[in-house]
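What follows is the residue order along each chain.
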Amino acid sequence: MFSISLATLGTLFIASLTVFAVPAPLDPIEALEKRANAKVYSSCTVPNTVALTFDDGPWVYEYDVVKALDAAGAKGTFFVNGNNYECIYNTDEMNRLKYVHDHGHMLGSHTWAHKDLTTLTWDQIHDEMWRVEQALSRIVGVYPAFMRPPYGNYNDLVLQASAIRGQSIAMWDFDSQDSVGASVQTSKNLYTSAIARHPSTLLPLNHETIETTVHQVLPFAIQQLQAAGYRLVTLADCLGLPAYQSTSAPGTPDSTWHC
């Protein structure tokens, strides 16, 4: 008569569980690898447009940038930090942001403290992102659809974090080189050379924190670009996409509004 021990039965039972068990959850790294990446835009798509962009603010020259754009009937895009040159919740900084927004220009995220996101952990990347998103929502009632990574540096974690947050990555296809010490004449020459090639579109990188960029290079660039027949529009308009994921009424400052 065939017989089997209890020990053998136990072994067979455990083996059957192994065969039919639900697969174990992915470990965090494997899970991240399966997430979608954010879209990266390095150039405009709407013909005959130029999107002048300005990084690292809000700063003391922001009013002058807006006035120069307004005088020319142009629009610009400002990628702002939360705590770079100054705390975004300071009264002067909030007033600058409101001025930009009220005059119809676009605001985007340049993250909180201008850190190289490729050196940060998953949680740190999200922290750099959400804090400036929260500030923009509080101060002017906009939740940005675009994020420009500091130094233009990004990796898969940054792309995945941006996608989760509903944001696209905004790069550029023209650099005025003001952030690396280019002279006024060098920046002007770069604009002149780029325009001479007659590209269908242009997406320039400038910095609103550099006085000579604002007061000397920007007026020259606006004049030359418009003389060449380009429309100077926001990044969103040059891509035919919404500037913000959502808009709402601004909040009222309280004790939680601080850096």
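Residues numbered from 1 in each chain as written. Predicted model: local features only at pLDDT ≥ 70, side-chain atom pairs only at ≥ 80, totals over all residues. Heavy atoms only, no water.

Focus: the state of the cysteines
- Scanning the model with the defined rule gives two disulfides in all.
- Disulfide pairing is shown between Cys44 and Cys238; the S-S distance is 2.2 Å. Taking the torsion about the S-S bond as the criterion, the Cys44 to Cys238 disulfide, at about -80°, is left-handed. One end of the pair, Cys44, is in the loop between strand 1 (40-41) and strand 2 (49-50); the other, Cys238, is in helix 9 (residues 235-239), with 194 residues separating them in the sequence.
- Residue Cys44 is classed as buried on the basis of its relative accessible area of 7%.
- A relative accessible area of 0% places Cys238 in the buried class. (Disulfide = S-S within 2.5 Å. Helix = DSSP H or I, 4+ residues; strand = E, 2+ residues; numbered from the N terminus. Buried < 20%, exposed > 50% of the residue type's maximum accessible area, 1.4 Å probe, protein only.)

Some remarks on helix 7 (residues 184-196)
- Here helix 7 is 13 residues long and its end C-alpha atoms lie 18 Å apart, about the 18 Å a rise of 1.5 Å per residue gives.
- Where helix 7 is concerned, the buried positions are Val184, Ser187, Tyr191, Ala194 and Ile195. Down the axis, helix 7 shows its buried residues gathered within 100° of arc, on one side only.
- In this fold, the buried residues of helix 7 make contact with strand 3 (52-57), strand 9 (174-175), strand 10 (204-207) and helix 8 (211-227).
- Positioned one or two residues after helix 7, His198 has a phi angle of 55°, which is positive. (Expected span 1.5 Å × (residues − 1). Arc of directions from axis to C-beta. Contact = heavy atoms within 4.5 Å.)

Focus on the packing of helix 5 (residues 122-140) against helix 6 (residues 156-164)
- Where helix 5 meets helix 6, the closest approach of the two axes is 10 Å, and the angle between their N-to-C directions is 50°. Regarding the angle of helix 5 to helix 6, the classification is oblique. With respect to the hand of their crossing, helix 5 and helix 6 are arranged in right-handed fashion. Contacts from Trp122, Ile125, His126 and Met129 of helix 5 reach helix 6 at Leu157, Val158, Gln160, Ala161, Ser162 and Ile164.
- Residues that form the contact of helix 5 with helix 6 fall into these classes: seven nonpolar, three polar and no charged. (Axes fitted to C-alpha atoms, helices over the stretch in contact; angles between N-to-C directions. Parallel < 35°, antiparallel > 145°, perpendicular 65-115°, else oblique. Left-handed = near helix turned anticlockwise from the far one by under 90°. Nonpolar A, V, L, I, M, F, W, Y, C, P; charged D, E, K, R; others polar.)

Focus on the environment of Gln226
- Within the fold, Gln226 resides in helix 8.
- By relative accessible area, which is 32% here, Gln226 ends up partly exposed.
- For the pair formed by Gln226 and Val50, sequence separation is 176 residues and the distance between their alpha carbons is 9.4 Å.
- Look past the residues within four positions of Gln226 in its chain and what remains in contact with it is Ala72, Ala74 and Leu232.
- Reaching out from Gln226, the side chain makes a polar contact with the backbone oxygen of Ala72 at a distance of 2.9 Å. (Polar contact = N/O pair within 3.5 Å; in protein donor to acceptor, adjacent residues only side chain to side chain.)

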